[in-house]
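The primary structure of each chain is shown beneath.
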Amino acid sequence: MYEKEQVDMLVKVVLLGDGAVGKTSLRKRWIGEGFTGQYLMTIGADFSVKIIKIKTNKNPITCKYQVWDLAGQVRFQVVREGYYKGALGAIVMYDVTNTDSFQDIPNWINELWKNNGRGVTPFILAGNKIDLRNQVPRTLRPEHGQSYAVQLSEVTRPYGFEIPYLETSAKTGENVERAFELLGKMIIKYVEAAEQQQQ
Ligand code: G3D
Ligand code: MG
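(A) Summary view of the overall build of the protein chain. In terms of regular secondary structure, the protein chain is built from six helices and six strands. Of the contacts formed within the protein chain by residues at least 6 apart in sequence, a portion of 73% connects residues at least 24 apart.

(B) Local environment of helix α5 (residues 142-156). With 15 residues, α5 should reach 21 Å at 1.5 Å per residue; the first-to-last C-alpha distance of 21 Å fits that figure. Among the residues of α5, those classed as buried are Gly 145, Tyr 148, Ala 149, Leu 152, Ser 153 and Thr 156. Considered in projection along α5, the buried side chains sweep an arc of 150 degrees and stay on one side of the axis.

(C) Representation of the nonpolar core in the model. Counting residues in hydrophobic clusters, the biggest one holds 56 residues, and the most contacted among them are Val 14, Leu 16, Tyr 65, Ile 91, Leu 125 and Phe 180. Here this core gets nine residues from one element, more than from any other, and that element is helix α6 (residues 176-198). Setting aside its immediate chain neighbours within four residues, Val 14 contacts Trp 68, Leu 70, Tyr 83, Tyr 84, Ala 87, Gly 89, Ala 90, Ile 91 and Leu 112.

(D) How the structure looks around the side chain of Ser 101. Looking at where Ser 101 falls in the secondary structure, it is placed in helix α3 (residues 99-103). Polar side-chain contacts of Ser 101 include one of 2.7 Å to the backbone oxygen of Asn 98. Leaving out residues up to four positions away in the same chain, Ser 101 has contacts with Asp 18, Val 21, Tyr 94 and Asp 95.

(E) Structural view of the sheet that holds strand β4 (residues 89-95). Judged by pairing direction, the sheet is mixed, and its six strands sit side by side in the order β2-β3-β1-β4-β5-β6 without closing on themselves. Bordering the open sheet on either side are β2 (45-54) and β6 (165-167), each of which pairs with just one other strand. On average, each strand axis in the sheet is inclined to that of its neighbour by 25 degrees, with strand direction left out of account. Helix α1 (residues 23-31) contacts β1 (9-16), β2, β3 (61-70) and β4 of the sheet and is inclined by roughly 40 degrees relative to β2. Of the strands in this sheet, β1, β4 and β5 (123-128) touch helix α4 (residues 105-115), which is tilted by about 165 degrees from β4.

(F) Here's a closer look at the pairing of β5. Within β5, six of the six residues are buried, which leaves the element mostly enclosed by the surrounding structure. Where burial is concerned, the two faces of β5 agree: the one with Phe 123, Leu 125 and Gly 127 and the one with Ile 124, Ala 126 and Asn 128 are both buried. Of the pairings in the sheet, the one linking β4 to β5 comprises six bridges and is parallel in character. Pairing of Ala 90 across the sheet is with Phe 123, part of β5. In this region the chain leaves β5, passes through α5 and returns to the parallel neighbour β6; the handedness of that crossover is right-handed.

The rules behind each value
- Residues numbered from 1 in each chain as written.
- Chains lettered and ligands numbered in written order.
- Predicted model: local features only at pLDDT ≥ 70, side-chain atom pairs only at ≥ 80, totals over all residues.
- Heavy atoms only, no water.
- Helix = DSSP H or I, 4+ residues; strand = E, 2+ residues; numbered from the N terminus.
- Contact = heavy atoms within 4.5 Å.
- Expected span 1.5 Å × (residues − 1).
- Buried < 20%, exposed > 50% of the residue type's maximum accessible area, 1.4 Å probe, protein only.
- Arc of directions from axis to C-beta.
- Core = buried A, V, L, I, M, F, W, Y, C linked by side-chain atoms within 4.5 Å.
- Polar contact = N/O pair within 3.5 Å; in protein donor to acceptor, adjacent residues only side chain to side chain.
- Pairing = 2+ DSSP bridges.
- Axes fitted to C-alpha atoms, helices over the stretch in contact; angles between N-to-C directions.
- Right-handed = clockwise from strand over helix to strand, strands pointing away.

Below, the structure written as structure tokens:
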């Protein structure tokens, strides 16, 4: 049972992206609340907690994840800034059926790095709603996300990590588990490197 198990690390992560890209759905899918398919605008912020074991080169690390799901609407910006504090990483999401949500990604990254109190921190770029690719004409192709992740990695490489791109569906669950695992691995490496620098 997890209750008796020691937690090695507390990890706060934030889900970022324009309104309606699927942040709340992704969080709920990961927590196991399933996909409700009902749109409920997040007011301010909400979070879920889940404990997972992450494999590393050494011992597995038990992480207590606190996943914050922030309101995407610009008018809540003041509320959002407080919630970035202490975030060790993020999943920055867009909707593959919505080009605007892809174009807004740099704003989200800037907001994260400006307000988390740690500067350049790891994140995963996620193109969500891939289940709609065969229903909606002219969706963003995987290459869009991939090549943008390559560009972003040029910025983050000096800080010791690259930005992965994942294609997700909060509806089918595709790559949802993987996104949180991958992010956990990046955060563990990032925190270990920061601790070594302090020694
Ligand atoms: P947000 O928290 O980023 O604002 P939500 O987004 O999780 O509230 O999702 C917004 C809408 O997109 C919801 O639809 C939700 O069901 C839908 N959605 C989220 N993720 C996916 C996905 O992966 N695939 C599909 N097909 N839909 C998704 P409604 O219709 O309720 O507005
Ligand atoms: Mg929401």
